[in-house]
Structures are given as structure tokens and as C-alpha cells.
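Close look at the chain arrangement
What follows is each chain in one-letter form.
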Amino acid sequence: MSCQKSTKYRKDMLIADKDRNDNEVVRKLVNEAEKYSLEEHKNERLECYLMLSNMTSLWLMQTTGISSDLYHKVDVFATTPEDFMAKSIFVKLPNIQSPYPALDRKPIDINSETTIHLVIFGKNDLAEALAINAALVAHYPNYCRDHHLRTRISIVADDIFSWRDLLVQRYQHLFANSYYRTINLEEEIPECFYHQPMYGKTREDFVDVEWEFVNGNLRNDALRMKLEEWSESERQQLTVAICMEDQQRNFIEAFTLPEVLYKNQIPVLCYTEESDMMDLMRNDDRYQSVFPFGSYICQMGILESLKQLAKRVNYVYDYCFSLPQNVPISSPSVIDERKLDNQWTQVGSLPKQYSNIFNAMTIGSKMHSLGHGQEDWQRYYALSKQEIEIMTEVEHNRWNIEELILGYRPVTDEEQKMIENDISLKKKFRGNKIHYDIRAFHDLRPDATGKQVYVYDLALTQGIPLIVKSCFQ
């Protein structure tokens, strides 16, 4: 474990590797917390970035959290090498330039007819991390106008069925409420099997990401033809990610895709821990859209900046929630930096802390949808009323996905009637990870105070320029 002291906080990095599994790392974390004295550090928690070895451990920490005693002493940001790489590719942050194109290379506004399509080749932790982080980030205004305009994530691999079942089991509430389909390209006449959301026939659609599982590989002619078709389509922005365990195969696949993908400059993300040869190949003008990635792209500044944004997201939410009942909900005019850490400590649980982090991950894509690139984030001061209204709905759609990933589910019809008869039950159900507000934006209901719950989404949206600008100070 490496440890460095700063003027603001103590920071530790605990890493799980071949010689130290996740159980040992968590044990080390607990031991460090037991030795740590809040009194000696002026009630500032031990800041720890926990590098776990697999996505199962990360999923458990994000959905179940840690004990209250440990949480009281340690500010944990857990990730894995695969999750860290995915965030390094998909999350756009102020002051950190990324060589990787955004999924939405062209801004997607309310009137756009285009959608995002990410095609992932592989069935491993990296494929899962890319898929889940893309689902957390890729939310756009045009879905608000037309619910058919969903982000699509396709995952392709040989013998994909058992891996698909594990993914659907792990994120059961996400997939229970999503459209997804499976196609087996090994069959002589491939047939699609469709899954409809469990409330698809009785409630308005509220999940803006759809999924596709393809049993096959890049040697399949039908798949290659589909890639060509998708790369030529004006209705979608295609990104290809190749992340199989065999890095040599990744290298081969990245440079033997249908020629039209290179011609159309479709981004091809290729996992390799040895990028020198790939960098050499990119000297050929045809392959400028092939982007190697590996653990070498992971910089601590990405996680640190993401947490700083998340603290400000929490500050805005806390400000709104603490306003008196008869005062209209609005974003604060300034962020008091002296209160950030104390309010961050009061978030209450690790899953709720991740909720703020997941919100912060989408600030870049929201700004892009409004026509603002990273180069003018610092100069941007306010959103118009129309922009706020549009992005408020986008924020709620994003939140739906986040909550499903964190293990929450919507209410059943019976539970809904119970809460409608007694709104105080809403909090009790939420404590059991059953959330009354996981529903379509236009189906949201008042909370116990009588306020429409979307006012918090509105205030968070209104606060985006303040959140971003404060990170440049």
C-alpha cells in the first residue's frame, strides 16, 4: 500500500493483484481504519482509492456498501483496472483532455434522429465494465421526444449465452426493465429472441438503453455486413470496442475490420497492454480511428477529478433538500468549498456516494448535447430555461439507469397502490431498495412534502455550470 499526505487529506491506494486478493485488500482497509484516528485528523476521513481485482467485488461494494463504522472513518472510491479503463475512455472531465472520441461525436439534441451504438467484442470483466459505464454515460435529449431512440449496446462473443445469463442475473433489475435481444449467428437461419420490459405493456417506457447479445465473431459474414451497414448509417453513431482476453487476437481484429469502417473513421477501441506496434500501425492514414487502450491510460487525476465533481453534485442536492418547505427549489448561487468534505461525509452510504459519482460522469455528455465542448466549459455560466427543462428529463432518465444498476427496482402495481394510499411508506420501501420514483419522467408523483420530485433533477441541471466552473478555481 502506498500512502501520501496532502495538506487537505490523507490519501491511500489499496491495490488487489495476483499476490493480494480482494479479501486481503479489504482486510487491510479495515485494519488501516482501526488504526486511524478521526480526532488526530480533525474529523477528516481517510481517503482511500480501492483497486479491486474483479467486477464482482466492485458490484458488491456499489450495491451493498460497507459497514457504517468503516464508512464513518474511510472515504472509499472502489474501482477495478477494467472499470478504471472504461471511465478513462468514456467520461469527459474539465481540465483533462482525452484522446478517445466521445460516444456522441456529434452532439445529440432534442431534434436529433441519431442514436449511439456501442459494439463490444468480448465476454469478460472488461466487456462488462465498458458496457456498464457506457450505460451510465450515454443519455440524450432525443429519447425524451421519441422513446424508440435508445442507446444500443451490442456484445458479441463465441458461446455468449452463459456469460449473458450471468450479466442478466447480476444486473437483474436493469435487464428486467430493459429491451434486449439475443441472436445466434452459428445457426443456419439465425433467429432473434426478444425480451420486453416487465412493465412494457402497462407503463410508459423509462429505460433509454437497449441491449443486444450476439453469439458469433468477426469472421462471420453476416456480422461483417451489419458492421458495414451500421458504419454507413446516418441514424447512428457507431463505436467498436475489441477487448477479448487474447490481446494478439484483439490486434488482428482491430486491423481487419471491413474497410468501410476505416473509411468512415469509426472509432475502434482495441485493448492491448503493448501499444507500440499499434501506434506504429496508426501512422497509416487508414487506421487513424484505431485507438489502443490498456492500464497505461489510467491516471489517478481522473478519479480525483470525478470525486471533486461528485462532491459538488452532492452539495447542490443537499442545498436543495435543506430548503424550507415553502421555498421554491433552486440551485445555489455559489459553492462553499469549506463545506464540501463535511457534506460528503454526510451522504450516508457508499451506494449513495456512487450515485453522486455516476451523476458527475455525465456532465460532459450533457454539456455536449447542449453544444458545448470541453474547450468552453470554463467560460460557460448559465443554462437557458429551455435547456434546463430538456436536460432535467435527461437527468431523470439517467438516474433510472443508475438506480437499476445499483440494485434498486421499481414498485410493483400492488406496492404502488400502497404508497399512493400512504406516501410515508415511500421511505420504508426505499430502504428495501424498492424505489417509487423509478418510472417515466412524465409519470413522476409528488413526494411527502407535496413537491414534484423532478424539482431536484431540475436544480441539479441548473447547477451544472456552477459545478463545472468551481472545479477550475
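That block above? That's the structure.
Digging into the overall build of the chain
Counting its regular elements, the chain contains 21 helices and 14 strands. A compact globule built from 473 residues should have a C-alpha radius of gyration of about 23 Å, and the chain, at 22 Å, falls within 12% of that. In terms of overall dimensions, the chain has a C-alpha envelope of 60 × 50 × 45 Å along the principal axes. Taking all 473 residues of the chain together, the buried fraction comes to 57%. Excluding contacts between residues fewer than 6 apart, the proportion of contacts in the chain whose partners are at least 24 apart in sequence is 74%. Surface summary for the chain: the accessible area is close to 21,400 Å², and the carbon and sulfur share equals 49%.

Thoughts on empty space enclosed by the protein
As enumerated under the stated definition, the model contains five cavities of 30 Å³ or more in all. Considered as a void within the structure, the largest cavity measures approximately 90 Å³ in volume. Along its surface, the largest cavity is lined by Met55, Leu58, Trp59, Gln62, Asp83, Ile132, Asn133, Leu136, Tyr171, Phe358 and Ile405. Contributing elements (two or more residues each) for the lining of the largest cavity: α2 (55-64) and α5 (125-137). A total of four residues in the lining of the largest cavity trace back to one element, the largest contributor, which is α2.

With respect to the packing of helix α13 (residues 300-321) against helix α20 (residues 454-462)
Following both chains from N to C, one finds α13 and α20 inclined at 135 degrees, their axes separated by 9 Å at the closest point. For the element pair α13 / α20, the angle class is oblique. The chirality of how α13 crosses α20 is right-handed. Between α13 and α20, the residues in contact are Val313, Val316, Tyr317, Cys320 and Phe321 and Tyr456, Ala459 and Leu460, respectively. A per-class count over the contact of α13 with α20 returns eight nonpolar, no polar and no charged.

Some details on the pairing of strand β6 (residues 151-157)
Counting buried residues along β6, six of its seven residues qualify, which places the element largely inside the surrounding structure. Across five bridges, strand β5 (residues 115-121) lies against β6 in parallel orientation. Paired with leucine 118 across the two strands is isoleucine 153, which belongs to β6. As paired strands, β6 and strand β9 (residues 209-215) are joined by seven bridges and run parallel to one another. Bridge pairing in β9 links isoleucine 155 to phenylalanine 213.

A look at the nonpolar core
With 106 residues, the main nonpolar core has Ile120, Leu130, Trp211 and Phe293 as its most contacted residues. Looking at which element gives the most residues to this core, the answer is α5, with ten residues. Isoleucine 120 has contacts with Ala127, Leu130, Ala131, Ile153, Ser154, Ile155, Val156, Ala241 and Cys243, leaving out every residue within four places of it along the chain. Counting 27 residues, the second largest nonpolar core, distinct from the first, contains Trp230, Val240, Ile242 and Tyr262.

Quick notes on the sheet that holds strand β7 (residues 180-184)
Spatial ordering of the open sheet is given by β8-β7-β9-β6-β5-β10-β11-β12, a layout of eight strands whose pairing is mixed. On the outer flanks of this sheet lie β8 (192-195) and β12 (290-293), each paired with one strand and no other. Averaged over all adjacent pairs, the angle separating strand axes in this sheet is 15 degrees, with direction ignored. The pairing of β7 with β8 spans four bridges and is classified as antiparallel. Within β8, the position partnered with isoleucine 183 by the bridge is cysteine 192. Taken strand by strand, helix α4 (residues 81-90) contacts β5, β11 (268-271) and β12, and its axis lies near 155 degrees from that of β11.

Digging into the pattern of salt bridges
By the definition in use, this model includes 31 salt bridges. A salt bridge links arginine 150 to aspartate 205; the nearest nitrogen and oxygen atoms lie 3.2 Å apart. Here aspartate 205 lies in the loop between β8 and β9 and arginine 150 lies in the loop between α6 (142-145) and β6, a separation of 55 residues in the sequence. Accessibility expressed as a relative area gives 9% for arginine 150, which makes it buried. Beyond isolated ion pairs, a larger network of salt bridges with shared partners links Arg45, Glu47, Asp75 and Lys307.

Calculation criteria
Residues numbered from 1 in each chain as written. Predicted model: local features only at pLDDT ≥ 70, side-chain atom pairs only at ≥ 80, totals over all residues. Heavy atoms only, no water. Helix = DSSP H or I, 4+ residues; strand = E, 2+ residues; numbered from the N terminus. Rg over C-alpha atoms; globule rule 2.2 N^0.38 Å. Buried < 20%, exposed > 50% of the residue type's maximum accessible area, 1.4 Å probe, protein only. Contact = heavy atoms within 4.5 Å. Areas by Shrake-Rupley, 256 points an atom, 1.4 Å probe, with all protein chains shown as cover. 1 Å grid on protein atoms, 1.4 Å probe; cavity = no way out; pocket = protein on both sides within 12 Å on 5 of 7 lines; lining within 4 Å. Points joined across faces, edges and corners; volume = space filled by probe spheres on them. Axes fitted to C-alpha atoms, helices over the stretch in contact; angles between N-to-C directions. Parallel < 35°, antiparallel > 145°, perpendicular 65-115°, else oblique. Left-handed = near helix turned anticlockwise from the far one by under 90°. Nonpolar A, V, L, I, M, F, W, Y, C, P; charged D, E, K, R; others polar. Pairing = 2+ DSSP bridges. Core = buried A, V, L, I, M, F, W, Y, C linked by side-chain atoms within 4.5 Å. Salt bridge = Lys/Arg side-chain N within 4 Å of Asp/Glu carboxyl O.

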